[in-house]
Amino acid sequence: MKNKYDEIRRNIETVIHKALTSKFLTDDFFMSENICADDFAEILKSVSHLVESGGKRWRAVLLVLCAQLYKAENTARAIELAPVVEFIHTASLIHDDIEDASETRRGKPAAHILFGIDTALNSGSWLYFFALKLLSTVQFTPAEKCFIQEITVQAIYNLHIGQALDIKWHSDEKYFPSVADYEKMIRLKTGTLAGLAGALGVFSASNDSAQASQMSLLMHEVGIAFQILDDVKNITEGVVGKNRGDDIVEGKKSLPVIFHIEEKPDDREKLAALFKTAKHEGIRSTAVAQAIAILHQSTCIERSTKYAHKKIAQVQNRLSAHYNNDALADLFAFIESLIR
């Protein structure tokens, strides 16, 4: 099974690398005679730093696995679309790190730390548009491209609404959203790209926009579950490539925090004060460990974990009602690997 996923990742890495080569950038686009490789140098340094620093590529792999549900023998069109999802995700990370004042990403200095805020902002914005520009090069009919572009633009739009909510909440240490509001924000911010991956994968194989939309809804749930469990890891064993507890520094109102306040409302003011201190003092602040210790005094971690796994079980039940093939087993195994 692992070898199968590794092969998909290798194919994805190949198309990503090709897309970021100077020849592709200068030869394949309108008005290319006015653009030379050197014009992309500063942008590519910032973009390539994050793209090539690893990452799970799980959204891109998910795209291909969803395509295999319909056409397991040929996923070439799905792999063509994988960089679109991956580049939008990378662009969002560059901007997120600036907005959250994060110092590291994937275990390395964040792009704005290495290259400056101006270059990082410009590179992240360029990458959103480059992801859309890639759609002019893929082997789809004009009608197919129209649908793909429509749902991709909508995804970028939704990402920014979700980020706006997240910024609003972490800018006010005393505000704690409801579970419903939290899920709305995560559905927009994290679920969106998982949903886009599912839709693009299914559409690339089936040309069925209705089926693509249905898969998008299910993969949104996978994205939400992934984010919840990522938030849990942040205050337990830690997330690879990030500092343990940096969600506290950033003032993130994660599901464990919300569940804790539900269970122990008297801790609201104490946690708000610790969030404020951690934001001011940084990741080495004793307030980080103190906040984590408080959160461990309730059942918020167990409840959040159960909440996420319930979502995955619901997705699996829905998919099992419509598919029964080896590709579905592969998709389930991959999703399970994401939430361990």
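Further up the page is the structure itself.
Values in this document were obtained by computation on a predicted structure and should not be read as measured data.

> Go over the environment of histidine 220, please, and point to the residues and values.
By the element assignment, histidine 220 lies in helix H10 (residues 209–234). Given the relative accessible area of 14%, histidine 220 is considered buried. Each C-alpha atom of the pair histidine 220 and leucine 196 lies 8.2 Å from the other, and the pair is 24 residues apart in sequence. If we ignore the near neighbours within four places in the chain, the residues touching histidine 220 are Arg187, Gly191, Thr192 and Gly195.

> Hey, could you go over the nonpolar core for me, with residue numbers and the actual values?
Core analysis: the biggest nonpolar cluster contains 109 residues, and Leu62, Phe87, Ile88, Trp126, Phe130, Met219 and Leu319 have the highest contact counts within it. The leading source of residues in this core is helix H9 (residues 179–206), at 14 residues. Counting 6 residues, the second-largest nonpolar core is a separate cluster that includes Leu50, Leu93, Ile94 and Ala120.

> So what about the side chain of threonine 190? Which residues, and what values?
Topologically, threonine 190 is positioned in helix H9. Judged by its relative accessible area of 7%, threonine 190 is buried. Residues in contact with threonine 190, not counting those within four places in the same chain, are Gly223 and Gln227.

> Got a sec to walk through unusual backbone geometry? Specific residues and values, please.
Here alanine 101, not a glycine, exhibits a phi torsion of approximately 55 degrees, which is positive. Topologically, alanine 101 is positioned in the loop between helix H5 (76–99) and strand S1 (104–105). Judged by its relative accessible area of 60%, alanine 101 falls in the exposed class. Here asparagine 207, not a glycine, exhibits a phi torsion of approximately 60 degrees, which is positive. Position of asparagine 207 among the secondary structure elements: in the loop between H9 and H10. Residue classification places asparagine 207 among the partly exposed residues on the basis of a relative accessible area of 43%.

Parameters at a glance
Residues numbered from 1 in each chain as written. Predicted model: local features only at pLDDT ≥ 70, side-chain atom pairs only at ≥ 80, totals over all residues. Heavy atoms only, no water. Helix = DSSP H or I, 4+ residues; strand = E, 2+ residues; numbered from the N terminus. Buried < 20%, exposed > 50% of the residue type's maximum accessible area, 1.4 Å probe, protein only. Contact = heavy atoms within 4.5 Å. Core = buried A, V, L, I, M, F, W, Y, C linked by side-chain atoms within 4.5 Å.

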